[in-house]
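What follows is the residue order along each chain.
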Amino acid sequence: MRAGGGAARGALALALLRRCLLLGPLGLRPAGGQDGDGCGHTLLTPHSGTLSSKNYPGTYPNHTACRWRLRAPPGTSLLLAFGDVDLEPSERCARSSLLLADPQAGTAYGPYCRNAGPAAPLLVTNSSAVTVLFNSTSHHSGRGLLLSYATSQHPDLVSCLVRGTHYTQEHVSVYCPAGCKDIDGDIWGNPSQGYRDTSVLCKAAVHAGVIADELGGQVTLSREKGITLYESAFANGLHSKRGSLSEKRLIFHKACGDALEVAAFNASSWWHEVDALGQDRAWAAERAALSTAGHSWAAEPGSEGAWLELDLGTRRNVTGIITKGSSEQYDYYVTSYRVSSSRDGKNWRPYRGSGGQEDKVFEGNTDSHGEVSNAFIPPIVARYVRVTPQSWHQRVALKVALVGCQLARVRAPRPYVPSVPKEVPVPTSHPASLTPIPGVALDPEKAGSTLLVMLLIGGFVLLCSSLLLLAFLCRRKRKLAAELNCGITKGYPKLESSQVCSLQGLPPSGSALASFPTAAVPGDLSRTHSPEYAEPDLVQVSPSSQTGPSTFKPLPDEGYTLPLVVSHYDVPGKYHEYAEPLPPEPEYATPFSEPEPTGTRRSPCGITGLPGTPCSPPVRYDAPTPRPGELPVGERTASPGGDIPSPEGSRSPLGDCPLSHVYHEAL
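If you're wondering where the values come from, they're calculated on a predicted model, not measured in any experiment.

A. Spatial organisation of the nonpolar core. Ranked by internal contacts, the top residues of the largest apolar core, which has 29 residues, are Trp297, Leu308, Val318, Val339, Phe376 and Leu402. Of all the secondary structure elements, the ones that give two or more residues to this core are strand 19 (264-267), strand 23 (308-324), strand 24 (333-342), strand 27 (371-393) and strand 28 (397-406). Apart from residues lying up to four places away in sequence, leucine 402 is in contact with Asp258, Ala259, Leu260, Leu310, Leu312, Val318, Gly320, Ile321 and Val385.

As structure tokens, then:
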């Protein structure tokens, strides 16, 4: 069964091929192109194109036929993308069929219908010429066919019906064929916001001005996060719809699409209006800037051949134009216009687009407040651009902006002219031969500039290295200075590093260490402990530790100086204050009067002492040891031998010098 079916289909294909070659009853011309009563939207170019059956995507008519002959440039082959093949099913595709044939090689692909469609969406042929034959008889349903083609130089060819949702990667690069503009399919969004990912991809690319519909081309886009609302716009002859939130949006990449600054505006005429209140309003050429608030430029009523000229100041690469009407207050706008350009302001050249046959007429605005964009593919390279309105609503009124980029200056390489060597005397010794470097040719005229560039680069590298080395040395010096700070922390008197380090090897001074009595022996008052005084903590200063805070004022020989205090507001948080030592006059406590126990002997000095001692030294109240060289008047310190040193350095016994003050032992 299958073998018989395959043979029958092969026989039908050969019959259709013969019909195609012999031009059959269709009366086709051998010149190529398209012919027949069943042809729908068709655009054929040497590099790509699109074709469809009549009434697509509606039901194709009965008893119709169409033949398209596709040709590619020599040395290339054809690729065919099946967008839609919806022909009513029948046995061996007898009622409606699609056949692809190569008349020169005698090969055929098909026939195809709904129940026998292509195995893959892209068909790769080995021929530069393919004939597409569509035939229909009596049928009841079917949309027909949609087919696109391109040369083998574009293996990433897609159909006009491919949407952004067909891709999952973030960056997409595909080749869109020519003729997708008039194929049925919706787009949502605009060039500035992007397009909803459910939009037809190639049609959205035409709307964004990335490709021209009559040429097709490579499209590069990215799929980014969607937005809440997509605004509609009219651009390049297409209306987009207003769309809601989508998961992804399509952003087309356009290299040269910045707003160009206009140096001056000029016009054939301008309207001087006097309103009902007698106020003047000038619709001058300067009002034609798109960013101008209020009314626009308007030509004088009744003038013929009105035009608006834009001076860019210098030559620019102009890739598009944006037009707008007068304003919302006035319902004036231009519905169609032509564009011409000039490099000197005298010789003007009309823009004809990619075809180059006739002057291209651009579609303008449909209201007075909306913006309409049109792309120049190929771009215009000029300084002056002139807009000539062709049709308008009520009055010629216009606001314009140009889109493009700075012109890239590409200098042609200077031809190499070998220099003629001068005659020099032949040396007696043979110099060493130089080994030429393959693929490298040095130009003597450029040797000086090359050497200068190399010297500048070397000097810059040397300067950067010196700065880095200097920064490293400064940082290291600061680190060493911080380590030699000898434990001085923030908030304490900062001494010179040399003085602080020199104090580490010296014993503590008398002001820092006070010698207090340590034993309650009556004969040795310097060793008697007192509960009212506590020994200060002795903090050993080492290079690895810091000195703790102290309330004792340092001596002048330790580097301390009194801060200059102008007012009491200068002290808190700025300087360190120390408590002054006790005044030199002794302060005494009131003696206790206790009854003497029986059996206690009183010494001749009137102080109860030890038994057997004629005159025991009185027990004194412990006091801080005075500083060296200071001896309070009227106060004597008992020596271990019981004598009191006199101011002249003489020693007198206690029995000979009764003390006027008597103290009890500390409890």
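B. The packing of aromatic side chains, seen in detail. Taken as a whole and assessed by the stated rule, the structure comprises 13 aromatic pairs. Consider the rings of tryptophan 283 and tyrosine 330, whose centres lie 5.1 Å apart with planes at 80°: the pair is edge-to-face. Highlighted residues: tryptophan 283 in strand 21 (residues 280-283) and tyrosine 330 in the loop between strand 23 and strand 24, separated in sequence by 47 residues. The pair tryptophan 283 / tyrosine 330 is uniform in exposure class, with both members buried. Ring geometry for tyrosine 351 against phenylalanine 362: centres 5.9 Å apart, planes inclined by 25°, an arrangement best described as stacked. Of this pair, tyrosine 351 sits in the loop between strand 25 (349-350) and strand 26 (362-363) while phenylalanine 362 is found in strand 26, placing the two residues 11 residues apart along the sequence. Three or more aromatic residues joined by ring pairs make a cluster, and in this case those are Trp271, Trp283, Tyr330 and Tyr332. The positively charged end of arginine 386 is found above the aromatic ring belonging to tryptophan 348, 4.0 Å away from the centroid.

C. Molecular detail of the sheet that holds strand 5 (residues 78-86). Pairing is antiparallel in the open sheet, where five strands are placed in the order 2-3-10-5-8. Bordering the open sheet on either side are strand 2 (39-44) and strand 8 (122-124), each of which pairs with just one other strand. Across the sheet, the axes of successive neighbouring strands diverge by a mean angle of 15°, strand direction being ignored.

D. Broad picture of the sheet that holds strand 6 (residues 96-102). The five strands are arranged 1-4-9-6-7 in an open sheet whose pairing can be described as antiparallel. The outermost strands of the open sheet, each flanked by one partner alone, are strand 1 (33-36) and strand 7 (107-112). Put simply, the sheet's adjacent strands are angled 10° from each other on average, direction ignored. In the sheet, strand 6 pairs with strand 9 (residues 129-136) via six bridges, with the strands oriented antiparallel. Bridge assignment links leucine 98 to a residue of strand 9, and that residue is phenylalanine 134.

E. Spotlight on the state of the cysteines. Per the counting criterion, the structure on display carries five disulfides. The disulfide that involves cysteine 39 links it to cysteine 66, with 1.5 Å between the sulfurs. Across the S-S bond of cysteine 39 and cysteine 66 the torsion is about 90°, and the bridge reads as right-handed. Residue cysteine 39 is found in strand 2, and its partner cysteine 66 is found in strand 4 (residues 65-71); the two are separated by 27 residues along the sequence. Under the relative-accessibility criterion, cysteine 66 is labelled buried at 0%. Each sulfur in the disulfide pair cysteine 256 and cysteine 405 lies 2.0 Å from the other. Handedness here is read from the sign of the S-S torsion; for cysteine 256 and cysteine 405, about -110°, the answer is left-handed. Separated by 149 residues along the polypeptide, cysteine 256 in the loop between strand 17 (248-252) and strand 18 (258-259) and cysteine 405 in strand 28 bring together distant segments of the chain. The residues cysteine 256 and cysteine 405 share a single accessibility class, namely buried.

The rules behind each value
Residues numbered from 1 in each chain as written. Predicted model: local features only at pLDDT ≥ 70, side-chain atom pairs only at ≥ 80, totals over all residues. Heavy atoms only, no water. Core = buried A, V, L, I, M, F, W, Y, C linked by side-chain atoms within 4.5 Å. Buried < 20%, exposed > 50% of the residue type's maximum accessible area, 1.4 Å probe, protein only. Helix = DSSP H or I, 4+ residues; strand = E, 2+ residues; numbered from the N terminus. Contact = heavy atoms within 4.5 Å. Phe/Tyr/Trp six-rings, centres within 6.5 Å; stacked < 30°, edge-to-face > 60°. Lys NZ or Arg CZ within 6 Å of the ring centre and 35° of its normal. Pairing = 2+ DSSP bridges. Axes fitted to C-alpha atoms, helices over the stretch in contact; angles between N-to-C directions. Disulfide = S-S within 2.5 Å.

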